[in-house]
Amino acid sequence: MEKITLSEQEIIDAVCLFHAKFKHVNPEVVEVELMYDDASGFTAEAYVNGEMEPYNTVNFITAIRLYIEEQLHRDAMAARIVLDLHDEEGIIANIEW
């Protein structure tokens, strides 16, 4: 079983790419803030031109799957993705095939 870990920056990149596709803009104009709290779990806010869109855990997984397909050129549907809050590294994604 192969395992990789996506860093917090890679998760931000994944959300930027996903949101850019959704909004039909370049990823460079998307700003993303990742968050975690016990009540909501993993969430994010994506901004384009001052307009904010909220992301929940399901949106994170969807964005990461797109990133796996398009950036890592791997089978995203076969991947087991677990988000984790790491003390030093922030929000990371552990992925197994």
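Now for a look at the structure at hand. (Residues numbered from 1 in each chain as written. Predicted model: local features only at pLDDT ≥ 70, side-chain atom pairs only at ≥ 80, totals over all residues. Heavy atoms only, no water.)

## Some thoughts on the side chain of Glu-96
Part 1 of the reasoning: Considering the arrangement of structural elements, one finds Glu-96 in strand S6 (residues 90–96).
Part 2 of the reasoning: Taking relative accessible area as the criterion, Glu-96 reaches 18% and is therefore assigned buried.
Part 3 of the reasoning: Not counting chain neighbours up to four residues away, the residues in contact with Glu-96 comprise Met-1, Glu-2, Lys-3, Ala-78, Ala-79 and Arg-80. (Helix = DSSP H or I, 4+ residues; strand = E, 2+ residues; numbered from the N terminus. Buried < 20%, exposed > 50% of the residue type's maximum accessible area, 1.4 Å probe, protein only. Contact = heavy atoms within 4.5 Å.)

## Focus: the packing of aromatic side chains
Part 1 of the reasoning: All chains considered together, the criterion is met by two aromatic pairs.
Part 2 of the reasoning: Judged by centre distance (6.1 Å) and plane angle (80°), the rings of Phe-18 and Tyr-55 are edge-to-face. Highlighted residues: Phe-18 in helix H1 (residues 8–23) and Tyr-55 in strand S4 (residues 51–55), separated in sequence by 37 residues.
Part 3 of the reasoning: Overall, Phe-18 belongs to the partly exposed group, its relative accessible area being 21%.
Part 4 of the reasoning: Judged by its relative accessible area of 6%, Tyr-55 falls in the buried class.
Part 5 of the reasoning: Where Tyr-36 meets Phe-42, the ring centres are 4.8 Å apart and the plane angle is 50°; that geometry is what we call tilted.
Part 6 of the reasoning: What makes Tyr-36 partly exposed here is its relative accessible area of 36%.
Part 7 of the reasoning: For Phe-42, a relative accessible area of 10% gives the class buried.
Part 8 of the reasoning: Taking NZ or CZ as reference, Arg-74 lies 3.9 Å from the ring centre of Trp-97, over its face. (Phe/Tyr/Trp six-rings, centres within 6.5 Å; stacked < 30°, edge-to-face > 60°. Lys NZ or Arg CZ within 6 Å of the ring centre and 35° of its normal.)

## As for helix H2 (residues 57–70)
Residue pairs spaced three or four apart in an α-helix point in one direction, given the helix's 3.6 residues per turn.
Part 1 of the reasoning: Its 14 residues give H2 an end-to-end C-alpha distance of 20 Å, which sits within 8% of 20 Å, the value for a rise of 1.5 Å per residue.
Part 2 of the reasoning: Of all the positions in H2, only Phe-60, Ile-61, Ala-63, Ile-64, Tyr-67 and Ile-68 are classed as buried. Buried residues of H2, seen end-on, are gathered within an arc of 165° and therefore sit on one face of the element.
Part 3 of the reasoning: In the core, the buried residues of H2 are packed alongside strand S1 (3–6), H1, strand S2 (31–37), strand S3 (41–48), strand S5 (80–86) and S6. (Expected span 1.5 Å × (residues − 1). Arc of directions from axis to C-beta.)

## Considering the environment of Gln-9
Part 1 of the reasoning: In this structure, Gln-9 sits in helix H1.
Part 2 of the reasoning: Note: C-alpha distance between Gln-9 and Gly-90 (81 residues apart in sequence) is 9.4 Å.

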